[in-house]
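Tertiary structure, described
Below are the chains, spelled out letter by letter.
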Amino acid sequence: MAPHHPTDRTPDPHRTPGRAPGRPRRPRSVRRPLRVVAVLSAAALALGGGLLAPATAATTTGWADWEPLSGGAGAWTTSIAPLAGGFPGATMTSDSRGGGVAVISGENNWLSAGTPVGQKYGSSRNQEYLNLRPRVDSPTGASTTTYTFDTPTPASGWTFVLGDIDADQVQVSATGTSGRLLTADELGFRGGFNYCAPGLTGKPSCTGAADDVPSWDATTRTLTGNVAAIDTSGAAGWFEPTEQVSSLTLTFTRRAGFPVYQTWFAALARDVSGVVTDVTPGAEGPLEGTTLTLVGPQGQVLATTTSAADGSYSFEGYTATAGYQVEVTPPDGKIATTPVRLPADLSTTDATAVDFAVRDIVPAAVSGTVRDDTGLPLGGVTVTITTPDGPLSVLTRSDGSYLFDTVPEGEHVLSVTTPDGYTVLTSPTPALIPPGSEVPVTDKDFVLQPAATVSLAGAVTAPGGPVPGAVVTATGPGGETVQTLTATDGTYTFGDLAPGAWTVTVEPPAGYVVVGPATREETIGATDVTGVDFTLALLGAVSGQVTTDDGTPVAGVELLVEGPDGAATVTTDASGGYAADGLPPGEYTVTITAPEGFTVEGATTLTVTITPAGDVITDQDFVLLAVVTPEPTPEPTTAEPTDPPTTVDPTDEPTDPTAPPTTGSPTSPAPGTTPPGGPGGPGAPGSGGGGLPVTGGDPAAPLAVAAFLVVVGVGTLAVRRRAGARR
């Protein structure tokens with residue numbers, strides 16, 4: 001994750017939410033429709049070894065200009081001004097959580113000219129981007145952010161960049177002009193890069209690694225940060241869609257930590273120019289004051305201008321894509337000798353020399369209009385008239401009008417080539433030119449109506465409101481399959497479906513689960529099918545901590561979480577914390593298994609309930625008590641009874657060692673008798689009359705010493721007695 005610069009990240013509690021500190025709020029009424037931030041010279045475009053060949057010196061880049069965020073956590077909104085001419089504005093909705101969520105100035109973090117996207121679009125320094133977060137900081141607490149464009153975008157010439165994708169991931173989904181879900185190829189992933197990597201020209205002060213880039217999974221349309229889910233800086237990926245986009249949905253999921261992700265939008269812009277010339281014989285030359293109209297790739301009128309005194313005109317700063325047309329409206333009394341609409345392709349360079357020629361009308365003229373059944377003019381429709389020399393065709397202008405001249409005398413049939421999705425409601429009668437007449441024939445009008453189609457529609461909701469960004473798939477006769485995304489109001493529509501049986505399935509966004517049927521069977525007949533609705537529930541989570549009674553965290557403790565879908569084991573981390581998420585609605589029990597040497601204080605099982613609102617239940621804690629093992633007490637030892645020492649009378653003669661022992665010695669009590677002094681007498685264990693107290697020592701050794709000393713003493717007395725007798 002990039003450094004938290006005060007200007008770029010840290011929210012100020014004393015300011016209006018949604019705008020970075022130090023950036024004044026610009027009133028909507030004075031916002032620029034186009035922010036031109038760079039003129040990309042050939043040298044800049046060739047930066048990085050010629051990644052992109054230079055287009056023209058007039059190519060410019062427009063970066064997104066955002067309104068401040070409004071709303072709050074779980075319900076943010078903002079809007080984006082058009083990036084360039086011909087690019088639509090957009091509204092954004094997001095259920096991101098709060099904290100660090102804001103429009104950021106780009107003063108401290110930016111995409112430098114040395115990045116892959118910068119080599120084509122230039123640096124984004126001091127250009128705005130948006131910080132958003134997950135809905136909840138858990139792997140199932142994904143946020144859904146949807147950009148709804150006012151009209152479909154051009155099919156090329158613009159980019160969106162997702163930054164700070166490291167300990168997180170984002171799924172990218174988009175719908176096209178008919179609501180069709182775009183494929184991964186059409187999303188146009190161009191690659192990952194790190195805008196903080198060393199060596200990048202003009203990079204910000206952050207520090208990153210060149211190999212720390214997110215990976216793209218085309219199957220799931222998911223951009224995922226580094227494998228270890230480590231919070232780093234600068235990891236980003238960029239996209240250039242290759243089809244028109246009506247809506248863009250980003251589903252952002254936390255993998256670890258407390259992530260923030262960044263979003264940039266940019267478009268290249270180029271110019272259209274040409275000259276209008278009058279080719280009427282005798283009046284040849286540039287024609288001033290001719291009206292010219294720039295028509296966008298979807299047929300929408302983008303701008304009008306008039307030719308200058310030298311006949312020149314221009315339209316400047318339009319998104320660099322193909323499909324534009326310039327339309328000429330000659331002055332009264334004149335007609336174009338060139339087609340009334342000419343193509344202007346801005347995909348690789350400026351469109352120059354889009355030139356028109358006009359002349360005076362030559363009788364007889366035939367004119368009319370093409371409109372729909374509500375009176376809306378239809379431009380760009382081909383109208384054909386029959387003549388003796390063969391059919392002639394012209395295109396209607398934006399106001400629905402068409403004009404033929406030099407139509408010969410006679411009756412001429414008019415026909416129209418119906419655009420896709422229309423049928424002819426009424427056609428004009430043939431145009432009749434009387435002989436020699438120069439009177440124009442007018443009001444040969446066509447009325448078209450939308451072709452009859454049958455649609456299927458529904459909504460996807462969850463407790464709390466609609467669910468945007470859910471993928472809905474319809475499979476019909478012959479295996480025909482169409483997909484779309486739910487809009488910000490949770491609705492979806494499939495138009496122009498063939499009659500027959502259709503299977504409709506919903507795929508919930510990350511963080512949701514289907515409640516009830518995920519598939520419905522419907523039959524398409526002659527009328528629209530509505531009310532094909534699905535109900536989702538938010539996934540919940542339960543978490544807590546395991547500590548000892550003095551608050552010390554205990555790691556490695558196993559807990560069993562049991563619920564409607566079965567059981568799973570979680571293990572506490574180094575902080576003693578545990579979490580189980582992705583839990584569908586239902587009742588759950590959390591049971592702890594005390595590790596060896598501990599017991600559980602209080603209940604070993606806690607019960608919680610997850611509702612369809614996706615409760616995140618915390619503080620389901622357990623306390624362990626250490627088991628105290630007492631020191632073992634030694635058992636007393638009992639001394640073996642021993643005979644008391646024999647008392648030697650000094651007057652007695654020494655005993656003959658060869659004499660047999662005397663039986664019935666008073667020191668050896670007869671069996672069944674009590675020693676002298678009773679049970680506590682001499683020789684009884686523990687007695688005080690000659691026996692040793694039990695202390696744990698062996699009494700045999702001191703007794704042996706005492707006996708030895710007695711013998712020595714007796715011997716000494718005997719020697720002295722004999723010595724006295726000799727005297």
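What counts and how
Residues numbered from 1 in each chain as written. Predicted model: local features only at pLDDT ≥ 70, side-chain atom pairs only at ≥ 80, totals over all residues. Heavy atoms only, no water. Core = buried A, V, L, I, M, F, W, Y, C linked by side-chain atoms within 4.5 Å. Buried < 20%, exposed > 50% of the residue type's maximum accessible area, 1.4 Å probe, protein only. Helix = DSSP H or I, 4+ residues; strand = E, 2+ residues; numbered from the N terminus. Contact = heavy atoms within 4.5 Å. Phe/Tyr/Trp six-rings, centres within 6.5 Å; stacked < 30°, edge-to-face > 60°. Pairing = 2+ DSSP bridges. Axes fitted to C-alpha atoms, helices over the stretch in contact; angles between N-to-C directions. Polar contact = N/O pair within 3.5 Å; in protein donor to acceptor, adjacent residues only side chain to side chain. Salt bridge = Lys/Arg side-chain N within 4 Å of Asp/Glu carboxyl O. Disulfide = S-S within 2.5 Å.

If you look at the biggest cluster of nonpolar residues, it comprises 37 residues, and the most contacted ones within it are Tyr147, Leu162, Val172, Leu248 and Phe265. If you tally residues by element for this core, the top one is strand 16 (residues 261-278), at 4 residues. The contacts of leucine 162, once residues within four sequence positions are left out, are Val170, Val172, Leu223, Ala235, Ala236, Gly237, Phe239, Leu250, Gln262 and Thr263. Within the second largest apolar cluster, 22 residues are counted, among which are Ala474, Val514, Val532 and Leu538.

This part covers the packing of aromatic side chains. Inspection of every chain in the model, using the stated rule, returns 20 aromatic pairs. Ring centres of tyrosine 147 and phenylalanine 265 lie 5.0 Å apart, and the angle between their planes is 70°; this geometry places the pair in the edge-to-face category. In this pair, tyrosine 147 is assigned in strand 8 (residues 143-149) and phenylalanine 265 in strand 16, connecting sequence segments 118 residues apart. Classification of tyrosine 147 by relative accessible area gives buried; the value is 0%. Relative to phenylalanine 265, the ring of tryptophan 158 lies with its centre 6.4 Å away and its plane at 20°, an arrangement referred to as stacked. Within this pair, whereas tryptophan 158 is found in strand 9 (residues 158-163), its partner phenylalanine 265 is found in strand 16, the two being separated by 107 residues in sequence. For the pair tryptophan 158 and phenylalanine 265, a shared accessibility class is recorded, and that class is buried. Members of the aromatic cluster, each reached through a chain of ring pairs, are Trp66, Phe87, Tyr147, Phe149, Trp158, Phe160, Phe189, Trp216, Phe239 and Phe265.

In spatial order, the strands read 28-25-33-31; together these 4 strands make up an open sheet with mixed pairing. In this open sheet, the two strands that pair with only one neighbour each are strand 28 (401-404) and strand 31 (422-426). For this sheet the average axis-to-axis angle between neighbouring strands, irrespective of direction, equals 30°. Taken together, the 4 bridges between strand 25 (residues 366-372) and strand 28 define a ladder with antiparallel strand orientation. In the strand pairing of strand 28, threonine 369 is matched with serine 401.

With respect to the secondary-structure elements, serine 247 resides in strand 15 (residues 247-254). One polar contact links serine 247 to threonine 175, side chain to side chain, over a distance of 2.6 Å. Non-local contacts of serine 247, meaning those with residues more than four positions away in its chain, are made with Tyr147, Phe149, Ser173, Ala174 and Thr175.

Next up on the list: the pairing of strand 5 (residues 90-94). Residues of strand 5 alternate between two faces, with Ala90, Met92 and Ser94 buried on one and Thr91 and Thr93 left unburied on the opposite face. Direction of pairing for strand 4 (residues 75-80) relative to strand 5: antiparallel, over a ladder of 5 bridges. Along strand 5, the bridge assignment pairs isoleucine 80 with alanine 90.

Here the amide bond leading from proline 363 into alanine 364 is cis, since omega sits at 0°, within 30 degrees of zero. Its location among the elements puts alanine 364 in the loop between strand 24 (356-360) and strand 25. Phi is positive for alanine 353, close to 60°, though the residue is something other than glycine. Within the secondary structure layout, alanine 353 lies in the loop between strand 23 (341-344) and strand 24. Here alanine 353 falls in the exposed class, since its relative accessible area comes to 57%.

Take glutamine 127: it is sitting in the loop between helix 3 (116-121) and strand 7 (129-132). Its relative accessible area of 10% is what places glutamine 127 among the buried residues.

As a further point, take the sheet that holds strand 47 (residues 586-592). Ordered in space as 45-44-47-49, the 4 strands form an open sheet in which the pairing is antiparallel. The two strands at the open ends of the sheet, each matched to only one other strand, are strand 45 (566-571) and strand 49 (605-610). Across the sheet, the mean angle from the axis of one strand to that of its neighbour is 20°, orientation sign disregarded. Note that strand 44 (residues 558-563) and strand 47 share 4 bridges and pair antiparallel. When the sheet's bridge partners are listed, leucine 560 is paired in strand 47 with threonine 591.

Turning our eyes to something else, we now look at the pattern of salt bridges. Across all of its chains, the model carries 10 salt bridges by this definition. Measuring nitrogen to oxygen at the nearest pair gives 2.8 Å for the salt bridge that ties arginine 359 to aspartate 405. Taken together, the positions of arginine 359 in strand 24 and aspartate 405 in the loop between strand 28 and strand 29 (410-412) put the pair 46 residues apart, joining distant regions of the chain. It is possible to trace a salt-bridge network through shared partners that takes in Arg97, Arg133 and Asp137.

On to the state of the cysteines, then. Under the defined criterion, the tally for this structure stands at 1 disulfide. There is a disulfide in this structure between cysteine 196 and cysteine 206, and the S-S distance comes to 1.9 Å. Taking the torsion about the sulfur-sulfur bond, which here is approximately -95°, the covalent link between cysteine 196 and cysteine 206 counts as left-handed. Here the residue cysteine 196 occupies a position in the loop between strand 11 (189-194) and strand 12 (215-217), and cysteine 206 occupies one in the loop between strand 11 and strand 12, the gap between them amounting to 10 residues. Residue classification places cysteine 196 among the buried positions, given a relative accessible area of 1%.

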